[in-house]
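The lines below spell out each chain.
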Amino acid sequence: MNMIILVLLSLPLIVSGLFGTSLSVCVKDNQPTQIRLAFIPNGMTVSWTTSSNANSPTSVVKYGLSKTNLNKQASGYVTTYGTSNFHNVLLKGLTPNTIYYYQIAASGTVGTSGKYSFKTAPEPSNGQFTVTILGDWGSTQIVPLIKTPKGPMCTCSGDTLKALKKKLSSTDFFWHLGDAAYADDFYLNNHDFSSLLHHPYEGLLDNFQCTLQPLSSTKSYMILPGNHEVKCNEIPIIDDHCPKPTTNFSTFLDRYRMPGIESGGFSNLWYSFDYGLVHFAIINTETDFPSSPSGPGTSLDGGNFISNTAQLKWLENDLKKANNRRAQIPWIIVGGHRPFYSSSPDSICEACKTAFEPILIKYKVDMYFSGHAHWYERIYPIKNGKFNKNSNSYTHPTGIIHLTTGAAGNPECSESQHSPASYSANISYQCSFGQLRINSRTNAKWTVFDTTASNKIIDEININIKH
Ligand SMILES: [Fe+2]
């Protein structure tokens with residue numbers, strides 16, 4: 001959510017001492033950090049970060065089927081801004097549903113990484129899996145510094161991290177629905193950021209990705225853009241204090257490597273991938289469609305990266321192809337940051353609904369996942385505002401199943417109290433994340449866990465769809 005006014009109260013507290021140039025404590029001069037994985041078709045991208053102080057001229061990953069015999073290697077590329085280098089190596093032509101071991105090779109003054117492993121995506125014929133889904137998280141380093149926490153959502157970022165680590169063995173990959181580190185909220189609090197050493201914005205982005213490494217080095221961490229990924233701050237008045245370039249998703253585009261190229265989409269902003277029995281399509285609810293909430297002329301002034309129709313044309317084409325091969329891959333699931341339906345009126349993105357919902361309905365999308373509203377909400381299956389409200393709604397549903405999971409913990413805290421909308425089936429203000437288990441061509445199970453009481457189940461539904 002946007003936090004527009006609060007910052008005005010905090011501006012006098014911003015001190016120039018925050019804007020030093022040293023490195024974040026978690027980016028080392030002599031080792032790869034922030035190791036992260038993301039799917040590509042028949043393969044995996046291995047990404048990591050090194051300090052720009054380091055001499056790391058190459059990006060090489062050694063890999064193989066045995067931890068003691070990493071007999072293959074692949075080279076990649078590096079992008080650079082600010083105080084960090086961002087390395088990406090694409091491992092292509094891998095065998096489905098297979099465990100690979102890998103190690104980042106030494107380069108210049110940077111040493112090797114440890115050895116890690118991952119499992120490649122299964123084919124549809126072996127397509128059961130579990131994906132862990134969350135949104136609106138927040139760096140663990142900013143959340144404890146909040147001066148006036150408003151409920152448990154402000155302080156549960158660390159609890160979420162612990163809970164996700166416990167789920168590591170029971171998840172096949174992670175899916176983050178935007179608003180990741182909340183680094184742009186640093187100005188909301190008058191803190192001593194000296195422990196971050198360099199600019200708090202970059203330091204908090206680094207911190208978030210460093211804390212992800214135990215998860216993201218062994219499971220793909222798929223992520224999509226939220227409004228907190230657009231620029232250094234949401235308030236133009238302090239633009240001059242932001243390191244450059246930190247506008248128009250620049251840090252988000254460098255710090256992750258989603259399969260935009262491979263799916264005909266655009267970088268990390270809109271893309272798709274197959275996993276087992278599911279085709280996942282990711283949309284950018286911030287820019288690049290008519291009246292987009294973070295687009296040109298808005299306070300965030302992001303996009304258009306191509307035009308305000310290119311994403312919609314891509315989505316139409318992507319879902320058309322997916323719908324034509326449902327005999328092979330029956331489920332189609334779409335994710336975007338902002339909800340189309342919500343009991344939080346300010347969180348509803350009407351422009352998103354206008355732009356995207358007709359395409360999702362046309363190609364019979366099964367589920368739409370979002371964040372942005374800082375709670376968990378399940379909507380009765382719905383299309384064009386019409387919904388079926390009964391206990392059996394999720395067996396052969398007559399609309400798209402909308403789920404909002406924006407409760408991982410964040411410095412803006414929980415959603416304000418709202419009365420449930422007529423189409424709302426369940427709301428929880430607790431810190432939470434969900435797991436979607438695809439059991440078969442026709443059955444799935446959705447379970448939501450309280451992150452502060454491990455394994456306590458907040459919501460659970462069985463979904464049966466004839467594809
Ligand atoms: Fe958001």
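Rules of the game
- Residues numbered from 1 in each chain as written.
- Predicted model: local features only at pLDDT ≥ 70, side-chain atom pairs only at ≥ 80, totals over all residues.
- Helix = DSSP H or I, 4+ residues; strand = E, 2+ residues; numbered from the N terminus.
- Buried ≥ 20, exposed ≤ 12 C-beta atoms within 10 Å, placed from the backbone.
- Contact = placed C-beta atoms within 7 Å.
- Expected span 1.5 Å × (residues − 1).
- Arc of directions from axis to C-beta.
- Pairing = 2+ DSSP bridges.
- Axes fitted to C-alpha atoms, helices over the stretch in contact; angles between N-to-C directions.
- Parallel < 35°, antiparallel > 145°, perpendicular 65-115°, else oblique.
- Left-handed = near helix turned anticlockwise from the far one by under 90°.
- Nonpolar A, V, L, I, M, F, W, Y, C, P; charged D, E, K, R; others polar.
- Core = buried A, V, L, I, M, F, W, Y, C linked by C-beta atoms within 7 Å.

Draft legend 1. Local environment of the overall build of the protein chain. For the protein chain, the helix and strand inventory stands at six helices and 22 strands. When the 467 residues of the protein chain are sorted by exposure, 54% land in the buried category. Contacts in the protein chain between residues far apart in sequence, at least 24 positions, make up 71% of those at least 6 positions apart.

Draft legend 2. Geometry of helix 5 (residues 310-324). Helix length check: helix 5, at 15 residues, gives a terminal C-alpha distance of 21 Å against a target of 21 Å (1.5 Å per residue), a fit within 8%. When helix 5 is considered as a whole, its buried residues turn out to be Q311, W314, L315, D318, L319 and A322. Summarising the axial view, the buried residues of helix 5 lie within an arc of 120°, below the 170-degree limit, and thus occupy one face. Counted as exposed and oriented over 90 degrees from the buried face of helix 5: K313, N317, K320 and N324.

Draft legend 3. Region of the structure containing the pairing of strand 20 (residues 432-438). The element strand 20 is largely enclosed, with a buried count of five among its seven residues. In this structure, strand 20 lies alongside strand 21 (residues 443-450), joined through seven bridges in antiparallel fashion. Bridging across to strand 21, S432 finds its partner in D450. Here strand 20 folds back onto strand 21, and the loop between the two strands holds four residues.

Draft legend 4. Structural context of the packing of helix 5 against helix 6 (residues 350-362). Two elements in contact, helix 5 and helix 6, have axes separated by 10 Å at closest approach and are oriented at 15°. The orientation of helix 5 relative to helix 6 falls into the category roughly parallel. Handedness of the helix 5/helix 6 crossing: right-handed. Between helix 5 and helix 6, the residues in contact are L312, L315, E316 and L319 and A355, F356 and I359, respectively. For the contact of helix 5 with helix 6, the per-class residue count stands at six nonpolar, no polar and one charged.

Draft legend 5. Summary view of the nonpolar core. Formed by 119 residues in total, the largest nonpolar core has its most connected members in M222 and V365. Looking at this core, the element that brings in the most residues is helix 3 (residues 200-216), giving six residues. If we ignore the near neighbours within four places in the chain, the residues touching V365 are L319, I332, V334, L360 and I400.

Don't take any of this as a statement about function, it's just geometry.
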